[in-house]
Amino acid sequence: MKFIELESERLAYRKFNDSDFPIVFDWLNNAENMKYRKGGPRSEAEVRDYLSWAITNAEADDCTNYEYAAVLKDDHTLIGAASLFRLPDDPELGWTVHRNYWKRGYGTEIGRTMLKLGFDILSLRRITAGCNARNHASYKIMERIGMRREAHFIKSQLGSSELNNEWCDRFQYAILREEWIER
């Protein structure tokens, strides 16, 4: 299936483009934004590679990795990324919200939109998501959008420098299509 542009209550989801680099670099290179991510802040080259990957996937005839630029509908400000990737065999959703937009419900809105894409448009059977167990905000979003914790992996993810490069636990969440429909 081709890349599908989406909308939610406050956000529009579009393809990334090269001009998005400065803001994407700002969040992916920032220690606070990347505190709970494997590997921590990304270099300029890594961010350019990520953007190239996102753009290439969006242009594919058969999109198997939906990577969206999440922008505010009212002024088109890029505030984050929304992901539904590894389709169709092992679909996983994800999101990143720029730290200037935290605690406003955007992560929850993005998560719900990616579930809607996966279940209502792509007719997927199951979608997963995971996070560092210390990232309370992330796993609370997963619970809020109807996902259930299926696994707790002990010391399975090396933490970023912000977490003293310690081994951290990881949570795995999932939701089935029938659970989504029941909601």
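Positions within a chain are numbered from 1, following the residues in the order the chain's sequence is written. Side-chain atom pairs in this predicted model are given and counted only at pLDDT of 80 or more, local residue features only at pLDDT of at least 70, and totals for whole chains, interfaces and linings cover all residues. Computation of side-chain values covers all heavy atoms of the structure but excludes hydrogens and water.

Caption draft 1: A look at the overall build of the protein. Looking only at helices and strands, the protein features five helices and eight strands. Listing the helices and strands of the protein from first to last along the sequence gives β-β-α-α-β-β-β-α-β-α-β-β-α. A globule of 183 residues ought to have a C-alpha radius of gyration of about 16 Å, and the protein, at 16 Å, matches this closely. Along the first, second and third principal axes, the C-alpha atoms of the protein reach 40 × 40 × 30 Å. The classification of residues rests on relative accessible area computed with a 1.4 Å probe and restricted to protein chains. Under 20% of the type maximum is buried, over 50% is exposed, and intermediate values are partly exposed. A burial count over the protein gives 50% of its 183 residues as buried. Residues are treated as being in contact if the distance between any of their heavy atoms lies within 4.5 Å. Summarising the internal contacts of the protein: among those between residues at least 6 apart in sequence, 62% fall at separations of at least 24. Per-residue accessibility takes into account occlusion by the displayed protein chains alone, with areas from the Shrake-Rupley method and a 1.4 Å probe. Accessible surface for the protein amounts to roughly 9,400 Å². Of this, 47% is attributable to carbon and sulfur atoms. Computed over 27 positive and 29 negative side-chain charges, the inter-centroid distance for the protein is 5 Å. Secondary structure elements are defined from DSSP: runs of H or I of at least 4 residues count as helices, runs of E of at least 2 residues count as strands, and each element is numbered from the N terminus. Here the globule rule is a power law, 2.2 Å times the number of residues to the power 0.38, and the radius of gyration is based on C-alpha atoms. Working convention for charge: Lys and Arg count positive, Asp and Glu count negative, and His plus the chain ends are omitted. All charge positions are set by atom: Lys at NZ, Arg at CZ, Asp at CG, Glu at CD.

Caption draft 2: How the structure looks around the packing of aromatic side chains. Note on aromatic pairs: the rings of Phe, Tyr and Trp (six-membered ring only in Trp) are paired at centre separations within 6.5 Å, and the planes decide the class, stacked below 30 degrees, edge-to-face beyond 60, tilted for the rest. Inspection of the entire model under this criterion finds ten aromatic pairs. Feature note: the residues Phe3, Tyr13, Tyr66 and Tyr68 constitute an aromatic cluster, connected by ring pairs. Whether a charge lies above a ring is judged from NZ of Lys or CZ of Arg, which has to be within 6 Å of the ring centre and within 35 degrees of the ring normal. For Arg149, the ring lying beneath its charged end belongs to Tyr139, and the centroid distance is 5.1 Å. It is Arg149 that lies over the ring of Phe171; its NZ or CZ is 3.6 Å from the centre.

Caption draft 3: Region of the structure containing the pattern of salt bridges. A side-chain nitrogen of Lys or Arg and a carboxyl oxygen of Asp or Glu constitute a salt bridge if their distance falls within 4 Å. If you walk through the whole model with that rule in mind, you get 15 salt bridges. Among the ionic pairs, Lys73 bridges to Glu7, the shortest N-O distance being 3.4 Å. With Lys73 in the loop between β3 (66-72) and β4 (78-85) and Glu7 in strand β1 (residues 6-7), this pair connects stretches of sequence that are 66 residues apart. Among the residues examined, Lys73 registers a relative accessible area of 32% and is labelled partly exposed. A relative accessible area of 58% places Glu7 in the exposed class. Among the charged side chains, a network of salt bridges with common partners joins Arg126, Arg148, Glu150 and Glu179.

Caption draft 4: Spotlight on the pairing of strand β8 (residues 167-176). Along β8, seven of the ten residues are buried, which leaves the element largely enclosed by surrounding structure. Where strand β6 (residues 126-132) meets β8, seven bridges bridge the pair, whose relative direction is antiparallel. Pairing of Ala129 across the sheet is with Tyr173, part of β8. Criterion used throughout: strands pair if DSSP finds at least two bridges between them. The pairing of strand β7 (residues 148-158) with β8 spans seven bridges and is classified as antiparallel. Among the inter-strand pairings, Leu158 is bridged to a residue of β8, identified as Trp167.

Caption draft 5: Here's a closer look at helix α1 (residues 21-28). For α1, the complete set of buried residues consists of Phe21, Val24, Trp27 and Leu28. Taken down its axis, α1 places every buried residue within 135° of arc, on the same side. Those residues of α1 hidden inside the fold are in contact with α2 (44-59), β4 and β5 (92-97). Working definition: the arc comes from the directions between the helix axis and the C-beta atoms, pointing outward to the latter.

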